[in-house]
Amino acid sequence: MKLNDIIMYNAKKIKSNTLKKIIAFLLMIICVIIMLSAITIKKSMNSYINNNFKYNINFRTLELLNPDEIDDIKKMENFDHVVVVYKMSEYIASVTFDDYKNDNLDGDVKLIAYSNKLMPDIIKGKMVENDNDIICPINIITDSSVGAREDLSKNDYINLEKKIGAKIGITYYNIKNKTAYADELIIKGLYDPSIYVLDKNTCFASNKKIEEININRNSYIDSKELMFLPRIIIDNYDNVKIVKDNLIKDGYIVNEMSNFDISLINLINIGGSIIIIISLLGLFIIIILSTLKSIKNNKEELVILKILGFKEKDIFRIKYNEMFLKISLSMLIGLIIYLILYEYIYSLINETIALNFKLVFAYEFTIYYILIIVFIFIFVYKKIYKNIREIRDI
């Protein structure tokens, strides 16, 4: 018997499904959608949190509240797990990008100090070479409230791919007397802000340039005072507590710039895993019940197929392909619905500037699909051949 005949035979049988079979078919689709959605949510949340810990400098930064003298900074740079120590005045500053200020955006850009060990991966352009060089997001939103404004959309993005090497005019003001300072920075390279979980108005600049800006902004303050509250950048989030404890033992008062409740990660992982397991079990149970029901109610069909001259291997192929087609079709429909939901939610996230979040596709679906198909083959093989043996002598 030809494979085409077997497929056509099964196609006709699928059309004649009873209500119970249709319900089972719909339940399989639902299980597939739930499983894929759970995988995506789990992977996306873990990716977001891990990127925060790995790339977001704030989660690896300690603030020293009581340094005695500038020598403390040199001393702390020799601590284990410390990447670099910046004075407060050379760590962060805000400026206005003159050309990217409009009625909807205030033009504000946050400059964070870079070092060779802190630079993000450059996806376009080159590494910095001079004090006026900066590294910016590939798509930037020049607004001081970018992380909180819900009215911003992707239309407010400014793509900087064609601006590599271009000079950007900046303005900033003295806090006390409002004197305006003008300068030029050069966009040397671009990075992906979604990977580094940074606000989309964050650029990296030299610590010397940042300190120059802060001194001009705070000229009424003794420049020596600006060294207070240094920022200590740690190599890894897991080592933040170690460095913090060592500093406290040395008599320093230390504050974490940002922290995160690890229990939330565990809750997401456990919850996602439970949903995935339940969905898989649901699929297996439906397959088992459907197969048993089909075999129990179709012994007469097996006899007829035997009388019509079908060989045992052909009968097995018919019954196996019947289940294979049902499972594959249900998973295909479930995958299509999942893809529609994925694209819709992905577009919503991209539209929402406040969410620095990246949706991760559930590629593990292929593994689960293969697992299910192997399971179907083994289970159906045993059950069908048991019934075929019973009618062997007909």
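**Considering the nonpolar core**
Counting 35 residues, the largest nonpolar core has Val95, Phe97, Leu111, Leu160 and Phe204 as the members making the most contacts within it. Among the elements of the structure, strand 2 (82-86), strand 3 (92-97), strand 4 (108-113), strand 6 (133-137), strand 9 (167-173), strand 10 (180-191), strand 11 (202-205) and helix 5 (207-217) are those that each provide at least two residues to this core. In this structure, valine 95 is in contact with Gly107, Asp108, Val109, Leu111, Ile170, Thr171, Tyr172 and Ile213, ignoring residues within four places of it in sequence. One finds Met28, Val32, Ile327 and Tyr338 within the second-largest nonpolar core, a separate group that totals 28 residues.

**Considering unusual backbone geometry**
Trans peptide bonds make up most of the peptide bonds, and negative phi angles are found at most residues other than glycine. A positive phi angle, near 75 degrees, is found at histidine 81, a position not held by glycine. Residue placement: histidine 81 occurs in the loop between helix 3 (71-76) and strand 2. Despite not being glycine, lysine 178 shows a phi value in the positive range, around 65 degrees.

**What about the pairing of strand 3?**
Bridge count for strand 3 against strand 4 is five bridges, and the pairing is antiparallel. In the sheet register, alanine 93 faces strand 4, and the bridge partner there is leucine 111.

**Examining the state of the cysteines**
Tallying each qualifying case throughout the model produces one disulfide. Here cysteine 136 engages in a disulfide with cysteine 203; their sulfurs sit 2.3 Å apart. Around the S-S axis, the bridge from cysteine 136 to cysteine 203 shows a dihedral of about 110 degrees and counts as right-handed. Of this pair, cysteine 136 sits in strand 6 while cysteine 203 sits in strand 11, and the two are 67 residues apart along the sequence. Take cysteine 136 and cysteine 203: they sit in the same class, and that class is buried.

Conventions adopted
Residues numbered from 1 in each chain as written. Predicted model: local features only at pLDDT ≥ 70, side-chain atom pairs only at ≥ 80, totals over all residues. Heavy atoms only, no water. Core = buried A, V, L, I, M, F, W, Y, C linked by side-chain atoms within 4.5 Å. Buried < 20%, exposed > 50% of the residue type's maximum accessible area, 1.4 Å probe, protein only. Helix = DSSP H or I, 4+ residues; strand = E, 2+ residues; numbered from the N terminus. Contact = heavy atoms within 4.5 Å. Pairing = 2+ DSSP bridges. Disulfide = S-S within 2.5 Å.

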